[in-house]
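As a plain string of letters, each chain reads:
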Amino acid sequence: MLVANSIPVPLWRLFGGASNTITTDITIPIVSPTEASKLASKYYNEGFETFKLKVGRDLNADIEVLQAIRAAHPECQFILDANEGYNSEEAVEVLKKLHEIGVTPVLFEQPVHRDDWGGLGYIANVARNRYGISVAADESCRSLVDIYKIAEGNLADVINIKLAKVGVLGALNIIEKAKTAVISHKIVV
Ligand SMILES: [Mg+2]
């Protein structure tokens, strides 16, 4: 059985949209391109087609890893999770390089430090408008206040609600409260 440790919630879904897609992804840690490619093949044979790639330590090395996996499995999709590892310039550079090699990740998670709200919003804007890529807030999304801030400022397209921290009922509660608050405050995203 697969157990998610966080629920990525698209903000448009919180605010009245609907989705019929479910993506099941598996994490590939920061390793060498060869090692990453081996892991990807193993997971692919187990039925995974979306890889959540941990990035954010060295952008050139990150791109090499991605290219190695893509060479072995061109049909697979990527979620990039930077775990706060880039600064704004690096994050934008990664998006640019990915575009140059024809890769469009399904999600770019927490590109910058959790408190770099300006950076998060800037990258989300570039990713969304220039490349059609959604940015997720993970470490930046710690409380309802954070969720409102993200929604109000349009700082990300997706928020990750940590099940380990808040539990399933807690997560549902947060989603419900966020919905209500957003409607009552007339925040449009
Ligand atoms: Mg993450």
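Let me begin by describing the structure that accompanies this report. (Residues numbered from 1 in each chain as written. Predicted model: local features only at pLDDT ≥ 70, side-chain atom pairs only at ≥ 80, totals over all residues. Heavy atoms only, no water.)

Let's shift gears to the overall build of the chain. Within the chain one finds seven helices and seven strands. Traced from its N-terminal end to its C-terminal end, the chain shows the element sequence β-α-β-α-β-α-β-α-β-α-β-α-β-α. For the chain, the proportion of its 189 residues judged to be buried stands at 45%. Entry remark: accessible area of the chain is about 9900 Å², with carbon and sulfur atoms responsible for 53%. (Helix = DSSP H or I, 4+ residues; strand = E, 2+ residues; numbered from the N terminus. Buried < 20%, exposed > 50% of the residue type's maximum accessible area, 1.4 Å probe, protein only. Areas by Shrake-Rupley, 256 points an atom, 1.4 Å probe, with all protein chains shown as cover.)

Glancing now at the pairing of strand E7 (residues 158–162). When a strand is regular, its side chains alternate between the sheet's two faces. Most of E7 sits inside the fold, with four of its five residues counted as buried. Pairing of strand E6 (residues 135–137) with E7 involves two bridges; the strand directions are parallel. Looking at the pairing, Ala136 lines up with Val158 of E7. Handedness of the crossover joining E6 and E7 through helix H6 (residues 144–153): right-handed. (Pairing = 2+ DSSP bridges. Right-handed = clockwise from strand over helix to strand, strands pointing away.)

This brings us to the pattern of salt bridges. Here the idea is simple: oppositely charged side chains can pair when their charged atoms come close. What the rule picks out here adds up to nine salt bridges. Salt-bridge contacts for Glu100 lead to Lys96; the nearest nitrogen and oxygen are separated by 3.8 Å. Here the residue Glu100 and the residue Lys96 both occupy positions in helix H4 (residues 88–100), the gap between them amounting to four residues, near one helical turn. For Lys96, a relative accessible area of 40% puts it in the partly exposed group. Where Asp115 meets Arg142, a salt bridge forms, and the shortest distance between an N and an O atom there is 3.3 Å. One end of the pair, Asp115, is in the loop between strand E5 (107–109) and helix H5 (117–131); the other, Arg142, is in the loop between E6 and H6, and 27 residues separate them in sequence. Taking relative accessible area as the criterion, Asp115 reaches 47% and is therefore assigned partly exposed. (Salt bridge = Lys/Arg side-chain N within 4 Å of Asp/Glu carboxyl O.)

Turning to the coordination of the magnesium ion, a few remarks are in order. Under perfect tetrahedral coordination by four donors, a metal shows angles of 109.5 degrees; under perfect octahedral coordination by six donors, it shows angles of 90 or 180 degrees. Coordination of the magnesium ion by the protein is provided by Asp81 (OD), Glu109 (OE) and Asp138 (OD), with metal-donor distances spanning 2.0 to 2.3 Å. The sequence pattern describing where the donors of the magnesium ion fall on their chain is D-x27-E-x28-D. Here Asp81, found in strand E4 (residues 77–81), pairs with Asp138, found in the loop between E6 and H6; they are 57 residues apart in sequence, far enough to count as distant. Judged on exposure class, the residue Asp81 and its partner Asp138 are both buried. (Donors = N, O, S within 2.8 Å, 3.2 Å for Na, K, Ca; no water.)

Core analysis: the largest hydrophobic core is formed by 52 residues, its most contacted members being Ile28, Phe51, Leu53, Ile69, Leu80 and Phe108. With seven residues, the top contributor of residues to this core is H5. Residues in contact with Leu80, not counting those within four places in the same chain, are Leu53, Val55, Leu66, Val94, Leu98, Pro105, Leu107, Phe108 and Glu109. (Core = buried A, V, L, I, M, F, W, Y, C linked by side-chain atoms within 4.5 Å. Contact = heavy atoms within 4.5 Å.)

This brings us to unusual backbone geometry. Of note in this structure, Asn83 is not a glycine but carries a positive phi near 45°. Along the polypeptide, Asn83 turns up in the loop between E4 and H4. Although it is not a glycine, Glu84 adopts a positive phi angle of roughly 75°. Mapped onto the elements, Glu84 comes out in the loop between E4 and H4. Residue classification places Glu84 among the buried residues on the basis of a relative accessible area of 18%.

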